[in-house]
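# Examining the three-dimensional arrangement
Spelled out from the first residue to the last, the chains are:
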Amino acid sequence: MFYLLGLQNTPEPKTWMANQPTTEDYVIDYRYHDKSAVMTITMDPKSKFVSVTRLGSNPSTAYLMQESVVIQGFLDELQTMATDDSVTPENRLIRLHTEDAIEQARDKLAFG
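Basis of the calculations
Residues numbered from 1 in each chain as written. Predicted model: local features only at pLDDT ≥ 70, side-chain atom pairs only at ≥ 80, totals over all residues. Heavy atoms only, no water. Core = buried A, V, L, I, M, F, W, Y, C linked by side-chain atoms within 4.5 Å. Buried < 20%, exposed > 50% of the residue type's maximum accessible area, 1.4 Å probe, protein only. Helix = DSSP H or I, 4+ residues; strand = E, 2+ residues; numbered from the N terminus. Contact = heavy atoms within 4.5 Å. Pairing = 2+ DSSP bridges. Axes fitted to C-alpha atoms, helices over the stretch in contact; angles between N-to-C directions.

## Looking at the nonpolar core
One recurring pattern in soluble globular proteins is that nonpolar side chains are buried together. Of all hydrophobic cores here, the largest spans 18 residues; its most connected members are Leu4, Trp16, Tyr30, Met39, Tyr63, Val70 and Leu75. For this core, the elements supplying multiple residues, two or more each, are strand S2 (26–32), strand S3 (38–44) and helix H2 (61–83). With 7 residues, H2 is the largest single contributor of residues to this core. Residues within four places of methionine 39 in sequence aside, it is in contact with Trp16, Ile28, Asp29, Tyr30, Val52, Thr53, Tyr63, Glu67, Val70 and Ile71.

## Regarding the sheet that holds strand S4 (residues 49–55)
Read across the sheet, 4 strands follow the order S1-S2-S3-S4 without closing on themselves; strand pairing throughout is antiparallel. If you trace the sheet from one side to the other, it starts and ends with strand S1 (16–19) and S4, each paired once. Within the sheet, the average angular offset between the axes of one strand and its neighbour, ignoring direction, is 20 degrees. Looking at chain direction, S3 and S4 are connected through 7 bridges and run antiparallel.

## Things to note about unusual backbone geometry
Across the junction of threonine 10 and proline 11, the peptide omega takes the value 5 degrees, indicating a cis bond. Inspection of the secondary structure puts proline 11 in the loop between helix H1 (2–5) and S1. Of note, lysine 35 is a non-glycine position whose phi angle comes to about 60 degrees, a positive value. In this fold, lysine 35 is placed in the loop between S2 and S3. Taking the relative accessible area as the measure of exposure, lysine 35 reaches 65% and is therefore exposed.

## Some words on the environment of glycine 6
Here glycine 6 lies in the loop between H1 and S1. Classification of glycine 6 as exposed rests on a relative accessible area of 56%. Sequence separation between glycine 6 and methionine 39 is 33 residues, and the spatial gap between their C-alpha atoms is 15 Å.

Laid out in structure tokens, this is it:
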């Protein structure tokens, strides 16, 4: 989640506004500056899933492109946590359900 907070000013200041709607869950809402959509990233420790959802009936093309940049970077971070050779598999922060889970997620992006 720290990775995501660092992206608020990417590619320029105030592009994204991060909000944590609850302190009890691992959720971050990311509102795009043109207010055409909100991206919500949820990490659920119980179900062991990470999900990304979009709220907005007509997101701008700029939003869609930047959403893909953010999600690609987030997937890179997850990939590193799941496959870091300097950490033994049982001590890694996350474990993937399938070896190609990250690639499957990348294939679903609008601007991949």
